[in-house]
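Residue-level structural notes
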Amino acid sequence: MREMDVVGVRVEMPSNQPIVLLREVTGERYLPIWIGAVEATAIAFAQQGVTPPRPLTHDLMRDVLAATGQRLDEVRIVEVQDNIFYAQLVFDGGAEVGARPSDSIALALRTGTRIVCAEAVLEEAGLAVPAEQEDEVERFREFLDHVSPDDFESPDNPQ
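This text gives an overview of the structure that appears in the document. Being a predicted model, the structure only gives us computed values, none of them experimental.

**Observations concerning unusual backbone geometry**
- In this structure, Asp82 is a non-glycine residue whose phi angle is positive, near 50 degrees.
- Along the chain, Asp82 turns up in the loop between strand S4 (72-81) and strand S5 (84-91).
- The phi dihedral of Asn83 is positive, around 65 degrees, even though this residue is not glycine.
- With respect to the secondary-structure elements, Asn83 resides in the loop between S4 and S5.

**A short note on the pairing of S4**
- Two elements, S4 and S5, share eight bridges in a ladder whose sense is antiparallel. Bridge pairing in S5 links Gln81 to Ile84.

**Let's talk about the environment of Val97**
- By the element assignment, Val97 lies in strand S6 (residues 96-99).
- The sequence separation of Val97 and Ala87 amounts to ten residues, and the corresponding C-alpha distance is 8.4 Å.
- Leaving out residues up to four positions away in the same chain, Val97 has contacts with Ala87, Gln88, Leu89 and Phe91.

**Re the sheet that holds S4**
- Here eight strands make up an open sheet; going across it, the order is S6-S5-S4-S7-S1-S2-S3-S8 and the pairing mixed. Edge positions in the sheet fall to S6 and strand S8 (127-128), since each has one partner strand and no second.
- Pairing geometry for strand S1 (residues 2-12) and strand S7 (residues 114-117), over three bridges, is antiparallel. Along S7, the bridge assignment pairs Glu3 with Val116.

Cut-offs used in this document
Residues numbered from 1 in each chain as written. Predicted model: local features only at pLDDT ≥ 70, side-chain atom pairs only at ≥ 80, totals over all residues. Heavy atoms only, no water. Helix = DSSP H or I, 4+ residues; strand = E, 2+ residues; numbered from the N terminus. Pairing = 2+ DSSP bridges. Contact = heavy atoms within 4.5 Å.

Structure representation (structure tokens):
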């Protein structure tokens, strides 16, 4: 397993599909995962420290964990099949629950939980970005500094 950082979310054009971009903590590979608009908003809110007027599902999950004395130890991105990613939530008592990576990442950001990815997933779906291409990544980071969670709202699915 390789530890990952969340670079951020963006909307990929022309498909208008949100993606979350993860990066190896000690490496040069990035992992783009296509996600839904609601999950993109949840991740962006967490990264920007936005508190919604009503708690989102991921806020509720964090609060339930705290109220029951449970701790989320690790989020694992464990598999990719036919471009669909799978994750596991690993709790302090050893329990593991299958989840979508987007929900897992949104919860990890709210709880300060480490995110790891299986080497096999990175080999299949990861993208190596050599140092000379880091300028493109820096432009992506600048984009993230100026994007609003409202940018991920679907006209058919208002928050």
